[in-house]
Amino acid sequence: MHDFNVPLVFHPIYSQLNLPPRHRFPIDKYQALYDSLIHHGVLATRFYQPEPLNIDQLHRLYDRQYIDALLYNRLTDKQMRRIGFPWSEQLITRTLTACGGTRLTGELAIEHGMAINLSGGYHHAFSDFGSGFCMINDLYLAAQHMLSYEHINRVLIFDCDVHQGDGTACLAQNNEDIVTVSLHCEKNFPYRKQHSDLDFALQSQTNDNAYLQTVEQALTVALNCYDVDAIIYDAGVDIHQHDDLGHFNITTNGIYERDYLVLKTALERQLPLAAVIGGGYQRDISALTKVHLQLFKAAHQLTKHTNRS
């Protein structure tokens, strides 16, 4: 990937979080993914380093009481258990930076046509509570930021994480400028689903062929029914057959084909696309990194003959 020319967003703090032993969240995957991309020949100059979000940016979009309680360690033990992390200043700084990374990715996508954040996809965060390892909904935040550009009037959030983007759906439910689409495993977390603009609930053990047909159908329907000017793509890989939390039977090549299809469609329609890597929960970080790499391989294959710098 020596000629990789899609802007990438990364900060070392993505993987800098001290968690209890055997914690379910694979915090090391972000640094491992960065290291793997460098190893594959991606130049360090392709990476942009995000700044943490500021409080005003959060207060404008989310419940002020919740945001302040989160930032200043005033959430109850029950609220933190729902999030799934122990509170620490390190957790807050990491969260603000990772979500700032998705916001920056949106900017870079508008400027260059495509950009990828090596984190992001915190779609279980609502306005007034966090859930499922998600504290601040970066997808909704990035969509709102992209809408501040004069020529961006409607943004599609296309969520292919195995878990429904319930927080995103709820946040955007009364906003016609943000279209939410979720492809997910029906019998999986969250057990109480929200209503996206389009929901595609698939059965456990769904295989490559059925899944890819649904992705193509979902993307076609969304783009034909809604006049969108940009896409935010949650490329979660917890759909993988070896993922501990997924319940699907999607191969690594199936993930590559999915990512290639989504990115190719955006390029053909000349829609700026901001991608985040989303969920992925194999405990084997090396194996997990290889699956996440499919997004970058697809981006490289599609853009290696173009100059997007």
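This text goes with the structure placed above it.
Residues numbered from 1 in each chain as written. Predicted model: local features only at pLDDT ≥ 70, side-chain atom pairs only at ≥ 80, totals over all residues. Heavy atoms only, no water.

1. Some remarks on the sheet that holds strand β8 (residues 273–276)
The 8 strands are arranged β2-β1-β3-β8-β7-β4-β5-β6 in an open sheet whose pairing can be described as parallel. Strands at the two margins of the open sheet, each flanked by one partner only, are β2 (47–48) and β6 (198–202). Inspection of the sheet shows strand β1 (residues 8–9) paired to strand β3 (residues 114–117) by 2 bridges, in the parallel sense. Bridging across to β3, Leu8 finds its partner in Ile116. Contacting β1, β2, β3 and β8, helix α5 (residues 89–112) crosses the sheet at an angle of about 170 degrees to β3. (Pairing = 2+ DSSP bridges. Helix = DSSP H or I, 4+ residues; strand = E, 2+ residues; numbered from the N terminus. Contact = heavy atoms within 4.5 Å. Axes fitted to C-alpha atoms, helices over the stretch in contact; angles between N-to-C directions.)

2. As for the pattern of salt bridges
Counted by the stated rule, this structure contains 4 salt bridges. The closest approach of N and O atoms between Asp244 and Arg24, which form a salt bridge, is 3.0 Å. Of this pair, Asp244 sits in the loop between β7 (230–234) and α9 (252–268) while Arg24 sits in the loop between β1 and α1 (29–39); the two residues are 220 residues apart in sequence, bridging distant segments of the chain. According to the relative accessible area criterion, Asp244 is partly exposed, its value standing at 38%. For Glu268, the salt bridge identified is with Lys264, shortest N-O distance 2.5 Å. Of the two residues, Glu268 and Lys264 are both situated in helix α9; the distance of 4 residues between them amounts to about one turn of the helix. Residue classification places Lys264 among the partly exposed positions, given a relative accessible area of 32%. (Salt bridge = Lys/Arg side-chain N within 4 Å of Asp/Glu carboxyl O. Buried < 20%, exposed > 50% of the residue type's maximum accessible area, 1.4 Å probe, protein only.)

3. With respect to the nonpolar core
In terms of nonpolar packing, the biggest core is built from 108 residues, with Phe158 and Tyr233 touching the most fellow members. The contact partners of Tyr233, leaving out residues within four places of it in the chain, are Phe158, Cys160, Arg258, Asp259, Val262, Leu263, Leu273, Ala274, Ala275, Val276 and Leu295. (Core = buried A, V, L, I, M, F, W, Y, C linked by side-chain atoms within 4.5 Å.)

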